[in-house]
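Take a look at the letters that make up each chain.
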Amino acid sequence: MTVADPRPLTGEPVSLDLLNTRWTADGEPQDLFAGAAGLTRVQGLAVWLESTGLAARFRADAATLVHLLTAREALARAVADPADESARTLVDAVLEHGRIRATLTTEGPGERTEFDDPTWGPAWTAARDYLELLAGAPGRIRKCASGTCVLHFHDTSRNGTRRWCSMAACGNRAKASRHYARTRER
């Protein structure tokens with residue numbers, strides 16, 4: 001039985017998608033890994049693995065969840081304050097549990113990931129994805145501009161000016177609020 005992902009924003013790069021397993025709904029904090037939408041912690045993990053395309057490679061179990069929570073906290077701190085040395089140390093600690101091995105395939109050079117323990121796989125994958133985002137365009141890792149939203153996104157807009165996690169949700173609320181304020185002044 002496949003359970004629908006209850007989160008308001010999905011489809012971001014894996015590292016940011018992991019951060020978005022915490023969100024706010026009707027002013028209440030929600031956590032996919034702590035019972036949101038009536039799911040158990042491991043069911044929430046299974047939903048996240050499926051949503052990110054990692055379900056075929058990794059199992060949803062308690063050990064994987066513990067490691068993923070470690071990565072989520074490390075990434076949350078690193079995104080909130082890129083200059084935080086202890087946050088970088090935490091991300092590095094997650095990255096210690098895997099590596100990329102260069103290979104030669106029939107198509108030519110290749111790579112394969114290896115983990116000292118497969119339960120670290122999703123956590124390592126998220127931390128590695130964060131490094132790739134930083135290498136590509138660190139200024140495009142953003143938190144939604146809404147003061148009540150905790151979601152993050154990778155700004156892929158042409159001019160790099162995206163402000164909202166979603167125009168349908170936070171962006172629309174901001175526009176409606178500005179419109180209301182203008183009409184009230186009149």
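Residues numbered from 1 in each chain as written. Predicted model: local features only at pLDDT ≥ 70, side-chain atom pairs only at ≥ 80, totals over all residues. Heavy atoms only, no water.

Chemist: Describe the pairing of strand E2 (residues 28-31), naming the residues involved and giving the relevant values.
Modeler: As judged from the four bridges shared by strand E1 (residues 22-25) and E2, these two strands associate in the antiparallel manner. Among the inter-strand pairings, Thr 24 is bridged to a residue of E2, identified as Pro 29. Where E1 folds back on E2, the antiparallel hairpin that results is connected by two residues, among which Asp 26 adopts a positive phi of roughly 55°. (Pairing = 2+ DSSP bridges. Helix = DSSP H or I, 4+ residues; strand = E, 2+ residues; numbered from the N terminus.)

Chemist: Tell me what's going on with the packing of aromatic side chains, and back it up with residues and numbers.
Modeler: For the structure on display, the rule yields three aromatic pairs. With a centroid separation of 6.4 Å and an interplanar angle of 80°, the aromatic rings of Phe 33 and Trp 48 are classed as edge-to-face. On the criterion of sequence distance, the pair formed by Phe 33 in the loop between E2 and helix H2 (41-52) and Trp 48 in helix H2 is long-range, its members being 15 residues apart. Accessibility classification places Phe 33 together with Trp 48 in one group, the buried group. Among the aromatic residues, those joined into a ring-pair cluster are Phe 58, Phe 115 and Trp 124. (Phe/Tyr/Trp six-rings, centres within 6.5 Å; stacked < 30°, edge-to-face > 60°. Buried < 20%, exposed > 50% of the residue type's maximum accessible area, 1.4 Å probe, protein only.)

Chemist: I'd like a description of the pattern of salt bridges, backed by residues and values.
Modeler: Taken as a whole and judged by the stated rule, the model has twelve salt bridges. Glu 85 is the partner of Arg 88 in a salt bridge, and the nearest nitrogen-oxygen pair spans 2.3 Å. Linking Arg 88 with Glu 85, this pair stays in helix H4 (residues 85-95), spanning three residues, or about one helical turn. For Glu 85, a relative accessible area of 48% puts it in the partly exposed group. Of the charged contacts, one joins Asp 155 and Arg 142 as a salt bridge, the two residues approaching to 2.5 Å between their closest N and O atoms. (Salt bridge = Lys/Arg side-chain N within 4 Å of Asp/Glu carboxyl O.)

Chemist: Requested: an account of the pairing of strand E3 (residues 98-105), with residues and values cited.
Modeler: Within a regular strand, the side chains alternate between the two sheet faces. Of the strand pairs in this sheet, E3 and strand E4 (residues 108-115) are connected by eight bridges, and their pairing is antiparallel. Paired with Ile 100 across the strands is Thr 113, a residue of E4.

Chemist: Lay out the side chain of Asp 155 with the relevant residues and their values.
Modeler: Assignment of secondary structure puts Asp 155 in the loop between strand E6 (152-154) and helix H6 (167-185). A distance of 2.6 Å separates polar atoms of two side chains, one belonging to Asp 155 and the other to Ser 157. Of the polar contacts made by the side chain of Asp 155, one reaches the backbone nitrogen of Arg 162; its length is 3.0 Å. In this structure, Asp 155 is in contact with Arg 140, Arg 142, Gly 160, Thr 161 and Arg 162, ignoring residues within four places of it in sequence. (Polar contact = N/O pair within 3.5 Å; in protein donor to acceptor, adjacent residues only side chain to side chain. Contact = heavy atoms within 4.5 Å.)

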